[in-house]
Amino acid sequence: MSHFVTIDLSHPTGNFWIDNGLIVLIREFGEGKYEADDVLQCLLDKLVQKTGNKDNYYDEATGQLREYEKMNWVYPTNLFIKVAGNPGKKVKLNGKEYPTQPPKFELKIELRKKLDVCDLCGDKAPLIDAKMWMFPLIVDPNKFGNFYSGAKRGLRLCARCALAGLAGYLGWLWKAQGRDVFHFFVFHSDLKEMERLHREVLQPLRVEGGKGGNAPVAFFGPYIHETTLGLLLALFAHIRQSDQLSEEGRRYLAALFGVDTDSTLPSPFTLYAVTGVPGQAFDMKALREFTKFQALYHLYDRWVNIMSQKPRVDNPHQQIVRILQQFEAHQGAKRETVWRDKIAWAVLEFNDPFPFIEQFLFEVRAKEQNPRPLVWGTLDVLDLYLQEVLGMDEQFPTNPGRLWT
Ligand SMILES: [Zn+2]
């Protein structure tokens, strides 16, 4: 039975994942009314790809084995979408089991007949029980019982939200460390601004083709705050100058972060950062919202200006990155970055990072045989933070000895 969905920029759901998916649909199809199954098929064609491997199936018409190219959900959606390909009937031949068709990867929008209120957009429409292929955060009703009311009985979505949810996997920024840690990032605000952000900024800056992720980051680690700060620093670098963004895109990014006060300011943005471990179900460890971009960019801008005045610094942005990146320890083959994450949390929240810096110095540097000094320029960066953020006028007060120099 055909069912039509309306895709437009004037009906946001307020849910960051679904709205992110609506942007993908708008960018793919344009605003309009579409047959739900056609939209679904188009998304499937993008999300299922050849793996490069081959296998055999038993062709019942000819009674012969035939080779086919194996397909699967494109990485990293295969960590979230667990629907297997349908192999048709299976037959046994010489002791081995074969499918009777190349496994077909299908998803179905099976709507209930009765109209009810969609849990995410509030429309009265035929609904479908939400699965992880529509919404990665569906899996743990206990965790989300408060976050999404009604989640205890499972979310129910209208066709439009279900399709937008699937499309969300094509519009997120993500960063993965194998199967151990998975971060994803979604910006959220009104749909028109978000469409422009995707078109002019995120699309050109997206890193393609790697298994490590598509989010541009100055540095990253297993924790959420350090990786979020790494993402923001990478975006900030393009405000001052960019070889990847158009002039319009660069100015838009500046306006977005509240730098370019001449232009009409877009409404305040929120960045949602989610960290978890992918598996049969996505095990979410953290979900954070960040909003203080304007003040953060101002701080970054002041830091870059300080570094620009130092003759020995070639690339002020890169020096800031080195300074913020340094709070990590190499323990054998393993890299521990817990101090950097705490410091990043403090910076993102305009809190006091100094206890964590001292912790790093005592727990890491002081234990090294020949403690390395802090990266050149660290004290300048910290002094400015003391004055601008913590409102302290004096020079950096504590002196844990030679480690600071
Ligand atoms: Zn809906």
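Being a predicted model, the structure only gives us computed values, none of them experimental. (Residues numbered from 1 in each chain as written. Predicted model: local features only at pLDDT ≥ 70, side-chain atom pairs only at ≥ 80, totals over all residues.)

### A word on the overall build of the protein chain
Okay, step 1: Helix and strand content of the protein chain: 12 helices and 15 strands.
Okay, step 2: Each principal axis of the C-alpha distribution contributes one length, and for the protein chain these read about 80 × 55 × 40 Å.
Okay, step 3: When burial is assessed residue by residue, the protein chain has 34% of its 405 residues classed as buried.
Okay, step 4: Nonlocal contacts in the protein chain, meaning residues at least 24 apart in sequence, comprise 62% of its contacts between residues at least 6 apart. (Helix = DSSP H or I, 4+ residues; strand = E, 2+ residues; numbered from the N terminus. Buried ≥ 20, exposed ≤ 12 C-beta atoms within 10 Å, placed from the backbone. Contact = placed C-beta atoms within 7 Å.)

### A look at the environment of Phe182
Okay, step 1: One can find Phe182 in strand β11 (residues 181-188).
Okay, step 2: Exposure remark for Phe182: the 26 C-beta atoms within 10 Å place this residue in the buried category.
Okay, step 3: Taking the C-alpha atoms as reference, Phe182 lies 5.7 Å from Thr275; in sequence the two are 93 residues apart.

### Overview of the pairing of strand β5 (residues 90-93)
Okay, step 1: Examined bridge by bridge, β5 and strand β6 (residues 96-99) share 4 bridges and lie antiparallel to one another. Opposite Val91, over in β6, you have Tyr98 as the bridge partner.
Okay, step 2: If you look at the hairpin formed by β5 and β6, you'll find 2 residues sitting between the two strands, and Asn94 has a positive phi there, around 50°. (Pairing = 2+ DSSP bridges.)

### A look at the domain arrangement of the protein chain
Okay, step 1: In terms of domain boundaries, the protein chain breaks down into domain 1 (4-169) and domain 2 (172-404).
Okay, step 2: A straight line from the C-alpha centre of domain 1 to that of domain 2 covers 34 Å.
Okay, step 3: Taken together, the contact pairs 23 residues of domain 1 with 20 residues of domain 2.
Okay, step 4: Residue contributions to the side of domain 1 that touches domain 2 peak at 8 residues, all from helix α1 (residues 16-29). (Domains from an automatic or database assignment.)

### A look at the environment of Ala286
Okay, step 1: Counting through the fold element by element, Ala286 comes out in strand β13 (residues 283-290).
Okay, step 2: A C-alpha to C-alpha distance of 32 Å links Ala286 and Leu111, two positions 175 residues apart in sequence.

### A few points about the sheet that holds strand β8 (residues 124-129)
Okay, step 1: Ordered by their spatial adjacency, 3 strands build an open sheet running β7-β8-β9, and the pairing between neighbours is antiparallel. Of all strands in the sheet, those bounded by a partner on one side alone are β7 (115-117) and β9 (156-158). Geometrically, the sheet is characterised by an average inter-axis angle of 70° between neighbouring strands, direction not taken into account.
Okay, step 2: Two elements, β7 and β8, share 3 bridges in a ladder whose sense is antiparallel. If you follow Val117 over to β8, its bridge partner there is Lys124. (Axes fitted to C-alpha atoms, helices over the stretch in contact; angles between N-to-C directions.)

### Details of the packing of helix α2 (residues 36-47) against helix α4 (residues 159-167)
Packed helix pairs are characterised by how far apart their axes lie and by the angle those axes make with each other.
Okay, step 1: Two elements in contact, α2 and α4, have axes whose closest approach is 10 Å; the angle formed by their N-to-C orientations is 10°. Between α2 and α4, the crossing angle belongs to the class labelled roughly parallel. Across from Ala36, Val39, Leu40 and Leu43 in α2, the residues of α4 making contact are Ala159, Leu163, Leu166 and Ala167.
Okay, step 2: Its residues placed into classes, the contact of α2 with α4 shows 8 nonpolar, no polar and no charged. (Parallel < 35°, antiparallel > 145°, perpendicular 65-115°, else oblique. Nonpolar A, V, L, I, M, F, W, Y, C, P; charged D, E, K, R; others polar.)

### What about unusual backbone geometry?
Trans peptide bonds make up most of the peptide bonds, and negative phi angles are found at most residues other than glycine.
Okay, step 1: Cis geometry is found at the peptide bond from Tyr75 to Pro76, where omega equals 0°.
Okay, step 2: Its location among the elements puts Pro76 in the loop between β4 (64-73) and β5.
Okay, step 3: Although it is not a glycine, Asn94 sits at a positive phi angle of roughly 50°.
Okay, step 4: Here Asn94 shows up in the loop between β5 and β6.
Okay, step 5: For Asn94, a count of 6 C-beta atoms within 10 Å corresponds to the exposed category.

### A look at the sheet that holds β13
Okay, step 1: Strand order in the open sheet made by the 4 strands is β10-β11-β12-β13, with antiparallel pairing throughout. Lying at the two open borders of the sheet, with one neighbouring strand each, are β10 (173-177) and β13. When strand polarity is set aside, the average angle formed by the axes of neighbouring strands in this sheet is 15°.
Okay, step 2: Of the pairings in the sheet, the one linking strand β12 (residues 270-277) to β13 comprises 7 bridges and is antiparallel in character. Looking at the pairing, Val277 lines up with Asp283 of β13.

### Here we look at α2
Okay, step 1: For α2, with 12 residues, the first-to-last C-alpha span of 16 Å sits near the 16 Å given by 1.5 Å per residue.
Okay, step 2: Within α2, the full set of buried residues consists of Val39, Leu40, Leu43 and Leu47. All buried residues of α2 lie within an arc of 100° about the axis, which places them on one face of the element. Opposite the packed face of α2, turned more than 90 degrees from it, sit the exposed residues Gln41 and Asp45.
Okay, step 3: Where α2 is buried, its residues meet β1 (4-7), α1, β2 (32-35), β3 (48-59), β4 and α4. (Expected span 1.5 Å × (residues − 1). Arc of directions from axis to C-beta.)

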